[in-house]
Amino acid sequence: MTVKIEKVSFRGWKNCVKIADEKAEAIVSADFGPRILFFGMPQGKNHLYVDDGAAGKKFGKDEFAFYGGHRTWHAPERSDRNYIADNNECEVVCGDNFVTVTAPLEKETATRRAMKLTLADGVLTVSNIIENRNLFDVKFAAWGITQLVSGGSLVVPTDCPDTGLVANRAVSLWSYSDMNDERIYWGSKYIAVTPQDKPVPPLKFGFTSAEKKCVYFNHDQAFVMESQYGAEGEFPDFGCNFECYSGRGYIEAEWLSPMRVLRTGEILTLNETWRIADKVSFPDIKDEVETSKAVKSV
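Residues numbered from 1 in each chain as written. Predicted model: local features only at pLDDT ≥ 70, side-chain atom pairs only at ≥ 80, totals over all residues. Heavy atoms only, no water.

**Side note on the side chain of His74**
Formally: In DSSP terms, a helix is any run of H or I states spanning at least four residues, a strand is any run of E spanning at least two, and both are numbered starting from the N terminus. Partly exposed describes any residue whose relative accessible area lies between the buried limit of under 20% and the exposed limit of over 50%, with all areas from a 1.4 Å probe on protein chains only and scaled to the type maximum. Residue contacts follow a heavy-atom distance rule, with two residues in contact if any of their heavy atoms lie within 4.5 Å.
Inspection of the secondary structure assignment puts His74 in strand β5 (residues 70-75). A relative accessible area of 1% means that His74 is categorised as buried. Not counting the four nearest positions on each side in its chain, His74 is found in contact with Arg81, Asn82, Glu106, Thr109, Thr111, Ile130, Phe140, Ala141 and Trp143.

Next comes the structure, spelled out in structure tokens:
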């Protein structure tokens, strides 16, 4: 299957790169971020959220902006490390079936972030890459954050190995999270979150996902996101390899790598695979049998 890579404009941003085949396409920014701004089927709807207020704009070098889409961060979250402006032009390298977009060195953290997008038969591998350029060792996790447009429901399977008398999973909650929030459904085999467009308080939870898989049902499709890392290892936020945040009009599916000590010049990579199953009916989220069947079928 032929992969085509070309420079394109998207939502008013003129310096973007599209990678596409007959089954899927992605668009990544080259003037900021980088951010993956579009993922969907060719000529199809975008599964990613883009902030209408930021679309087409170029922000100042010291002004942090939530453009939307998919971004690469380091975890655990800290205001002095994560919310640093990334509005500078990136370096782009293209191959036969991949594009790598690398941001300039981030002076505040002495790290350099990049994304490599590799496309094969409709499956996009998103490599979240962070290089330590400090003169000393740094410990952190790679964190891939995907903002999804509202209109669907995100389902995270909770099946784990039977460990008898020993606990086999954990759920983490943030101080602003309400367990009775109407957007979240705590099922016996999965957790489901349905974002809303009206003003709502933030909602966030973390989970130890043994299946390494989440599915977003929207646009009569299933957007399947899978991580290379299961629940084994030292993860941030009480051991979460998956986290979910929901605000007004969007929801975030967030995968994390284990915490790792990086020496000077070392690179930490978190790989995710993205794919779309077309013509998938939106399941009744509170129907355990129907939703579990829909998740397993894609």
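**Examining the sheet that holds strand β7 (residues 98-102)**
Our working rule: A pair of strands is labelled paired if DSSP reports no fewer than 2 bridges between them. Note on geometry: axes are C-alpha line fits, over the in-contact stretch for helices, and angles between N-to-C directions span 0 to 180 degrees.
With antiparallel pairing, the ten strands of this open sheet are ordered in space as β6-β7-β8-β9-β21-β17-β16-β11-β14-β13. Pairing within the sheet leaves two strands with one partner each, and these edge strands are β6 (91-94) and β13 (184-186). Across the sheet, the axes of successive neighbouring strands diverge by a mean angle of 15°, strand direction being ignored. Relative to strand β8 (residues 111-120), β7 runs antiparallel, the two being bridged by five bridges. Within β8, the position partnered with Thr100 by the bridge is Lys116. Helix α3 (residues 288-296) rests against β11 (153-157), β13, β14 (190-193) and β16 (213-218) of the sheet, and its axis sits at about 105° to β16.

**Some remarks on α3**
Helical geometry note: an α-helix holds 3.6 residues per turn, so side chains three or four residues apart project in the same direction. Test applied: What the arc describes is the spread of directions from the helix axis to the C-beta atoms. Pairs of N or O atoms are called polar contacts if they sit within 3.5 Å, as long as, within protein, a hydrogen donor faces a hydrogen acceptor (for residues adjacent in sequence, only side-chain-to-side-chain pairs).
Among all positions in α3, only Thr291, Ser292, Ala294 and Val295 are buried. Along α3, the residues classed as buried sweep out an arc of 160° about the axis, all on the same side. The outward face of α3, more than 90 degrees from its buried face, is lined by the exposed residues Val289, Lys293 and Lys296. Check the buried side of α3 and you find it contacts β11, β14 and β16. Sitting at the head of α3, Asp287 places a side-chain oxygen 3.2 Å from the backbone nitrogen of Val289.

**Section: the packing of aromatic side chains**
Note the cut-off: Centre distance within 6.5 Å is the pairing criterion for rings of Phe, Tyr and Trp, where only the six-membered ring of Trp is used; planes under 30 degrees apart are then read as stacked, over 60 as edge-to-face, and the remainder as tilted.
Applying the stated criterion across every chain, the model contains 21 aromatic pairs. Consider the rings of Phe39 and Trp274, whose centres lie 5.3 Å apart with planes at 70°: the pair is edge-to-face. You can see Phe39 sitting in strand β4 (residues 36-40) and its partner Trp274 sitting in strand β21 (residues 267-278), a full 235 residues away along the chain. The burial state of Phe39 is the same as that of Trp274; both residues are buried. Their ring planes at 45° and their centres at 6.2 Å tell us that Phe64 and Trp73 sit as a pair that is tilted.

Purely geometric stuff here, so don't read any function into it on its own.
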